[in-house]
Amino acid sequence: MIATLEGTLEYRGADSVIVKVGGVGVRVYLPRSDLPKLGNIGDKVSLYTHLHVREDNLSLYGFVSSEEVALFKNLISVSGIGPKVAMSLLSGLSVEQLATAIVGGNIDLITQVPGVGKKLASRLIVDLKSKLEQEWKETAAPLAPEDSDAIAALTSLGYSLREATQAVSSIPDSPKLSLEEKVRAALQRLSGG
């Protein structure tokens, strides 16, 4: 299997890139959040990869970190989650946010990713919680389930799910903050204030 790929960035699309390796252009699908991290056309890139084999298709999925590819492999091991849904999850939430949401049982946050409903989010939590608990429990700050309303408010204002989640998770934890105060504080962080 192809575990890593190193070459020259030849093309960048909406959800994939072409990396030229030894005279051959290889299409690699990436989470949308990773595309800007690769640099400019002509730059050297190095990616962790997963070759997904189906009877009618070979697809190469790439990631900028080993944590991403490990979580991707865990996600596609869940019944009903294919590479496209897994890429959508990794595009909408950072690795830490997604792992923390799964470990914490935060269905509301997971279902804010386009294409993921409550049934699929529940299956993710049931199937992966114990697998991810040891790896991610200490490394990521937990996001309270009640913060999902603030995240939903920010996404309805046009912010990406990733931006909204990062802004809300950076607010000091206080049970006295109302929804409006959380949204206001998150907007200040998003505007650089």
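Note that this is a predicted model, so its numbers are computed, not measured.

Student: Looking at this model, I keep getting lost on the packing of aromatic side chains. Mind explaining?
Tutor: Each aromatic ring pair is characterised by the separation of its centres together with the angle its planes make. Evaluation of the coordinates by the stated rule reveals 3 aromatic pairs. On the basis of an interplanar angle of 45° and a centroid distance of 5.0 Å, the ring pair of Phe 63 and Phe 72 is categorised as tilted. Side by side, Phe 63 and Phe 72 carry an identical accessibility label, which is buried.

Student: Explanation requested: the packing of helix 6 (residues 148-156) against helix 7 (residues 161-169) in the structure shown.
Tutor: Helices that pack against each other are described as a pair by the angle of their axes relative to one another and the distance between those axes. Where helix 6 contacts helix 7, the axes come no closer than 9 Å and their chain directions differ by 135°. On the basis of their axis angle, the class for helix 6 and helix 7 is oblique. Like other packed secondary-structure pairs, helix 6 and helix 7 cross with a definite hand, here right-handed. The residues of helix 7 that touch helix 6, namely those facing Ala 150, Ile 151, Leu 154 and Thr 155, are Leu 161, Ala 164, Thr 165 and Val 168. Each residue belonging to the contact of helix 6 with helix 7 can be placed in one class, and the counts come to 6 nonpolar, 2 polar and no charged.

Student: Explanation requested: the pairing of strand 3 (residues 24-29) in the structure shown.
Tutor: Strand residues, when the strand is regular, have side chains that alternate between the two faces of the sheet. Here strand 2 (residues 16-21) pairs with strand 3 via 6 bridges, running antiparallel. Each residue of the ladder has a partner; that of Val 17, found in strand 3, is Val 28. Hairpin connection between strand 2 and strand 3: a loop of 2 residues separates the two successive antiparallel strands, and Gly 22 in this loop has a positive phi of roughly 55°.

Student: Can you walk me through helix 3 (residues 95-104) in this structure?
Tutor: Since the α-helix packs 3.6 residues into each turn, any two residues three or four apart lie on the same face. Burial runs high along helix 3: 8 of the 10 residues are buried. Phi turns positive one or two residues past the end of helix 3, at Gly 105, with a value near 70°.

Student: Would you explain the side chain of Gln 97 in this entry?
Tutor: As for its position among the elements, Gln 97 is in helix 3. Using a relative accessible area of 12% as the deciding quantity, one classes Gln 97 as buried.

Student: Can you walk me through a nonpolar patch on the surface in this structure?
Tutor: A contiguous nonpolar patch, built from Met 1, Val 53 and Leu 58 and spanning about 390 Å² of accessible area, is present on the exposed surface. Structurally, Met 1 is set in the segment before strand 1 (4-12). Of the residues examined, Met 1 reaches a relative accessible area of 82% and is grouped as exposed.

What counts and how
Sequence order as written defines the numbering, with residues in each chain counted from 1. Reporting in this predicted model follows two pLDDT cut-offs: at least 70 for local features of residues, and 80 or more for side-chain atom pairs to be given and counted; totals over whole chains, interfaces and linings ignore these cut-offs and use all residues. To obtain the side-chain values, all non-hydrogen atoms of the structure were used and water was disregarded. Pairing of aromatic rings covers Phe, Tyr and Trp, the last through its six-membered ring, and needs centres within 6.5 Å; plane angles under 30 degrees mean stacked, over 60 mean edge-to-face, and all others mean tilted. Only protein chains enter the accessibility calculation, which uses a 1.4 Å probe; a residue whose area is less than 20% of its type maximum is buried, one above 50% is exposed, and one in between is partly exposed. To obtain an axis, a line is fitted to C-alpha atoms, over the contacting stretch when the element is a helix, and the angle between two such axes runs from 0 to 180 degrees between their N-to-C directions. Helix and strand labels come from DSSP, where a helix needs a run of H or I of at least four residues and a strand needs a run of E of at least two; each type is numbered from the N terminus. Here roughly perpendicular refers to angles of 65 to 115 degrees, roughly parallel to angles under 35, roughly antiparallel to angles over 145, and oblique to all remaining angles. The sense of a crossing depends on the near helix, which, turned anticlockwise from the far helix by less than a right angle, makes the crossing left-handed and, turned clockwise, makes it right-handed. We call two residues contacting when some pair of their heavy atoms lies within 4.5 Å. Just so you know the grouping, Ala, Val, Leu, Ile, Met, Phe, Trp, Tyr, Cys and Pro go in nonpolar, Asp, Glu, Lys and Arg go in charged, and all remaining residues, Gly too, go in polar. Pairing between two strands is assigned when DSSP locates at least 2 bridges connecting them. Nonpolar side chains (Val, Leu, Ile, Met, Phe, Trp, Tyr) are joined into patches within 5 Å and like charges within 9 Å, using only residues with over 30% relative accessible area and no salt bridge. Accessible surface area values rest on a Shrake-Rupley calculation with a 1.4 Å probe, where residue burial reflects the displayed protein chains alone. Each salt bridge in this description consists of a side-chain nitrogen of Lys or Arg and a carboxyl oxygen of Asp or Glu lying within 4 Å of one another.

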